[in-house]
Number of protein chains: 6
Amino acid sequence: MTNSKFVYLTRRETFCASHRLHNPKLSDEDNRRIYDKCNNPNGHGHNYILYVTVKGEPDENGLIINLYELKAIIKRLVIDVVDHKHLNYDIPKLKEVIPTIENLVTVFWNDLKVELGDLLYEIRLEESENNIAIYRG
Amino acid sequence: MTNSKFVYLTRRETFCASHRLHNPKLSDEDNRRIYDKCNNPNGHGHNYILYVTVKGEPDENGLIINLYELKAIIKRLVIDVVDHKHLNYDIPKLKEVIPTIENLVTVFWNDLKVELGDLLYEIRLEESENNIAIYRG
Amino acid sequence: MTNSKFVYLTRRETFCASHRLHNPKLSDEDNRRIYDKCNNPNGHGHNYILYVTVKGEPDENGLIINLYELKAIIKRLVIDVVDHKHLNYDIPKLKEVIPTIENLVTVFWNDLKVELGDLLYEIRLEESENNIAIYRG
Amino acid sequence: MTNSKFVYLTRRETFCASHRLHNPKLSDEDNRRIYDKCNNPNGHGHNYILYVTVKGEPDENGLIINLYELKAIIKRLVIDVVDHKHLNYDIPKLKEVIPTIENLVTVFWNDLKVELGDLLYEIRLEESENNIAIYRG
Amino acid sequence: MTNSKFVYLTRRETFCASHRLHNPKLSDEDNRRIYDKCNNPNGHGHNYILYVTVKGEPDENGLIINLYELKAIIKRLVIDVVDHKHLNYDIPKLKEVIPTIENLVTVFWNDLKVELGDLLYEIRLEESENNIAIYRG
Amino acid sequence: MTNSKFVYLTRRETFCASHRLHNPKLSDEDNRRIYDKCNNPNGHGHNYILYVTVKGEPDENGLIINLYELKAIIKRLVIDVVDHKHLNYDIPKLKEVIPTIENLVTVFWNDLKVELGDLLYEIRLEESENNIAIYRG
């Protein structure tokens, strides 16, 4: 066979956090118009589900990356940073970021890229069963 | 047959909200010890799932209560009140309530009881797939 | 220990079917008012999920009823009868029954009671993740 | 970093409908052989899950498209058209279409393409947890 | 109001394990007849989901039992004992127990009863989405 | 329209099995270090979920491949081989394969490729909700 050797491996982790969608460069009225209920001043929250996918060739142990190691990296670089936090106020690097799922996937990508390098293939973030964002760098 | 006529009918609705577990009568240290990560000052959030169960005899239309009506009651009395809100700060009647799921189910029970009366059988509230509270009055 | 010996055992099966909510004793106008979208003349359908729970003491083989046997009974008495059918038109015994989930659980109870007898404890039927009925005889 | 700016954003909506798989150009016998249980004359139904994915660069508000707007478009162009309907008989544009999930995803693609244009990336349709179709134009 | 004060609180945990259904007091033939595929000599496995429900009155902190504490008790008394194990061979106290879900719920009940005492209300164990057992002591 | 004709069609099947992660070429100590809990000598198990995706043009019957046929092929070539088995000991062709999900997807790919040929697009295997592997040949 002349198949590709590449396999995709995904680890799922979860966290809960609150956020408020608000662009400080816009008027309050514009913010309410654009973000509607998500602009509520005290914020609201979600149980987020994060899927991190790496791509690579399984080694002689049948592993692309050890799932225990992948779990530990995701936990240290993302989950421990955001779990049970308010994304707008508690996390320095998110201070300038409007925490939509579109923006969050690119932030998490950059964070994980530092350690996962070329292994990293895709970040998927669900803020509810209905709203999902994916980023592939 | 001499079966009971009673059937249980459940409607599921969802909302997202943030909360902070904090008892103002306790020291900050005690609050951190008891509520741990859930005591984070800026709060965190969840996608809550609410199940409301009524109990009754189906009428000649095959209905205990019209599910459209049940949905509308739950929406008006609970979902519209708490969805995309901060449970500690945005909702007057929760100001004195520590928003654990144990306390929330009893509050929602009392709210729904006013309109559903003896039909109301059970409230089930999930703050995540792992944490669930049930109240039967 | 003086625990009860009773354990509850549940088997989940699924079927898909269409139905129309319509009471022939009422006017078309009343039918539309009561059943709304569910009164659409050509019907609509669901992926139903059925949970059948038996209650009993595990025997020396650790079984209340063999799950293969329970599955076969549910399949023969319910699933084979209703799967891929129109509940209003294709099933003789449902001809006089308005196929709400409230009515369906009592019909399925009576069907399963014939073979499961006192073992039968509860029937749970979900027509969607939001609408659920339970019957305990 | 020289990452791509593109992020994928997915909205999930649900509807229920009935359908019958039947090709009028074939004999009844061939229809039964090909579609088996799905050829039942009165049809059967499903709870369908529809995922619509757009692809684009988040703007300064962190949005590719406002999820409220995306939801409204999907609701108007697809859900309101098919929910609680019989796909073979109630929907003019499906009259000539055999309503397999393979065909439905291409129809929904064309409908959504009119308003979503180049934003539209993928349509995913599940007629049950076991049967899924995806179309990317 | 004169409502009961009792609220039910459930914690969900998961583990994976293998088992073989085999009664050493029966012939191999009888074992194959009774347990069918589940009698495969080298065993097979499941992702088990365990729900532990306590019943009590929320205290002034809004808690029946701290969910962190409940999680820790379940982890220590059940999950650490059975996770990634072969239920027939690796766990001394299960050596004489045929590991059906009916039997496992009663074993887990007795284990958790020691620390949870009268708080313990119900154990629910799922070996798959289709097979579920519940025990209430 | 000049859309591609290609649609992706996915069938989901499940099986349960036990496995042990162990590389016989390494020391016991190295095996424990690499595979941790998954190296437990008696193995452990999972409820596996397998998604097989084909890619093709729907024919005049609206089908890429008949889902009944696809289901039968997956059942014969994969499910019947591995369901309720120990992946390390019961399956000759896996004797030399360390049964990580990374390795299993490539084995299942090769098995299904024989009959599905160019239709086969993707194999996705979940050993739990948290651990997922995908292979595209």
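The preceding data block contains the structure.
Computed from a predicted structure; not experimentally measured.

Some words on the interface of chain B and chain A
In this complex, chain B contributes 22 residues to the contact, which on the side of chain A involves 22 residues. Both faces considered, chain B and chain A share a buried interface measuring about 1700 Å² in area, 44% of it formed by carbon and sulfur atoms. For the pair chain B and chain A, the interface holds 4 salt bridges. A salt bridge links Asp83(A) to Lys37(B); its shortest N-O distance comes to 2.7 Å. Taken together, the connections running from chain B to chain A amount to 21 residue pairs in polar contact (both at pLDDT 80 or more). Sorting the residues of the side of chain B that touches chain A by element identifies strand S1 (7-19), strand S2 (44-56) and strand S3 (85-86) of chain B as the ones contributing at least two each.

What about the pattern of salt bridges?
Two side chains that carry opposite charge are able to pair once their charged atoms sit near each other. Taken as a whole, this structure holds 60 salt bridges over all chains when the rule is applied. Asp111(D) is the salt-bridge partner of Lys93(D), the closest N and O atoms lying 2.7 Å from each other. Of this pair, Lys93(D) sits in the loop between strand S3 (85-86) and helix H3 (101-116) while Asp111(D) sits in helix H3; the two residues are 18 residues apart in sequence, bridging distant segments of the chain. For Arg124(D), the salt bridge is made with Glu126(D), and the minimal N-O distance between the two is 3.1 Å. Residue Glu126(D) is classed as buried on the basis of its relative accessible area, which comes to 11%. When salt bridges with common partners are traced through the structure, they connect Arg12(A), Glu129(B), Arg12(E) and Glu129(F) into a single cluster.

Some words on the environment of Leu94(C)
Residues and elements named next belong to chain C. Counting through the fold element by element, Leu-94 comes out in the loop between strand S3 (85-86) and helix H3 (101-116). Looking at Leu-94, the relative accessible area reads 2%, which means it is buried. Once the C-alpha coordinates of Leu-94 and Leu-104 are considered, the two residues, 10 residues apart in sequence, prove to be 8.8 Å apart.

Observations regarding the pairing of strand S5 (residues 131-135) of chain D
Across the 5 residues of S5(D), 5 count as buried, placing the element largely inside the fold. Where strand S4 (residues 120-126) of chain D lies against S5(D), 4 bridges are found, and the strand directions are antiparallel. Looking across to S5(D), one finds that Arg124(D) is bridged to Ile134(D). Relative to strand S1 (residues 7-19) of chain F, S5(D) runs antiparallel, the two sharing 5 bridges. Considered in S1(F), the bridge of Ile132(D) is made with Thr10(F).

Notes on the environment of Tyr121(F)
Within the secondary structure layout, Tyr121(F) lies in strand S4 (residues 120-126). Note: C-alpha distance between Tyr121(F) and Val52(F) (69 residues apart in sequence) is 7.9 Å. When near neighbours in sequence (up to four residues on either side) are disregarded, Tyr121(F) contacts Arg136(D), Tyr8(F), Thr53(F), Val54(F), Lys55(F), Trp109(F), Tyr135(F) and Arg136(F).

Things to note about the packing of helix H2 (residues 67-82) of chain E against helix H3 (residues 101-116) of chain E
Residues and elements named next belong to chain E. One can describe the packing of H2 onto H3 by two numbers: an axis separation of 10 Å at closest approach and a directional angle of 145 degrees. Remark: the crossing between H2 and H3 carries right-handed chirality. Counting all contacts with H2, which are made through Leu-70, Ile-73, Ile-74, Arg-76, Leu-77, Val-78 and Val-82, the residues of H3 involved are Phe-108, Asp-111, Leu-112, Glu-115 and Leu-116. Class assignment of the residues belonging to the contact of H2 with H3 gives a composition of 9 nonpolar, no polar and 3 charged.

Points about unusual backbone geometry
All names here are of chain D. For His-84, which is not glycine, the phi torsion reads 60 degrees and is therefore positive. Within the fold, His-84 resides in the loop between helix H2 (67-82) and S3. A residue is classified by how much of its surface remains accessible, and His-84, at 9% relative accessible area, is buried.

Notes on the relation of the copies chain B and chain A
Between chain B and chain A, which share one sequence, the superposing operator has a rotation angle of 180 degrees and an axial displacement of 0.0 Å; the RMSD is 0.0 Å. What we have between these two chains is a two-fold relation. Of the C-alpha atoms belonging to chain B, the one lying closest to the rotation axis is found on Gly45(B), 1.6 Å away. A high fraction, 100%, of the interface residues of chain B reappear at the interface in chain A, so the copies pair face to face through one surface.

Observations regarding the environment of Leu67(D)
If you trace the backbone, Leu67(D) turns up in helix H2. Accessibility expressed as a relative area gives 16% for Leu67(D), which makes it buried. It is 7.4 Å that separates the C-alpha atoms of Leu67(D) and Arg11(D), two residues lying 56 residues apart in sequence. Sequence-distant contacts of Leu67(D), that is, excluding residues within four places in its chain, are made with Glu127(A), Asn131(A), Leu9(D) and Arg11(D).

Points about the packing of aromatic side chains
Residues and elements named next belong to chain E. Going through the model one piece at a time under the given rule, you end up with 24 aromatic pairs over all chains. Relative to Tyr-48, the ring of Phe-15 lies with its centre 4.8 Å away and its plane at 10 degrees, an arrangement referred to as stacked. A residue pair is termed long-range when its members are at least 10 positions apart, and Phe-15 in strand S1 (residues 7-19) and Tyr-48 in strand S2 (residues 44-56) qualify at 33 residues. Residue class for Phe-15 comes out buried when judged on its relative accessible area of 3%.

Looking at helix H2 (residues 67-82) of chain F
The first and last C-alpha atoms of H2(F) sit 21 Å apart over 16 residues, in line with the 22 Å expected at 1.5 Å per residue. The largest bend in H2(F) amounts to roughly 45 degrees and is located at Lys75(F). Burial in H2(F) covers these residues: Leu67(F), Leu70(F), Ile73(F), Ile74(F), Leu77(F), Val78(F), Ile79(F) and Val82(F). Residues of H2(F) that are buried sit in contact with S5 of chain D together with S1, strand S2 (44-56), strand S3 (85-86) and helix H3 (101-116) of chain F. Sitting at the head of H2(F), Asn66(F) places a side-chain oxygen 3.1 Å from the backbone nitrogen of Tyr68(F).

What counts, and where the lines are drawn
Residues numbered from 1 in each chain as written. Chains lettered and ligands numbered in written order. Predicted model: local features only at pLDDT ≥ 70, side-chain atom pairs only at ≥ 80, totals over all residues. Heavy atoms only, no water. Contact = heavy atoms within 4.5 Å. Buried area = accessible area lost by both parts, 1.4 Å probe. Salt bridge = Lys/Arg side-chain N within 4 Å of Asp/Glu carboxyl O. Polar contact = N/O pair within 3.5 Å; in protein donor to acceptor, adjacent residues only side chain to side chain. Helix = DSSP H or I, 4+ residues; strand = E, 2+ residues; numbered from the N terminus. Buried < 20%, exposed > 50% of the residue type's maximum accessible area, 1.4 Å probe, protein only. Pairing = 2+ DSSP bridges. Axes fitted to C-alpha atoms, helices over the stretch in contact; angles between N-to-C directions. Left-handed = near helix turned anticlockwise from the far one by under 90°. Nonpolar A, V, L, I, M, F, W, Y, C, P; charged D, E, K, R; others polar. Least-squares fit on C-alpha atoms with pLDDT ≥ 70 in both. Phe/Tyr/Trp six-rings, centres within 6.5 Å; stacked < 30°, edge-to-face > 60°. Expected span 1.5 Å × (residues − 1). Bend = angle between axes of the 7 residues up to and from the residue.

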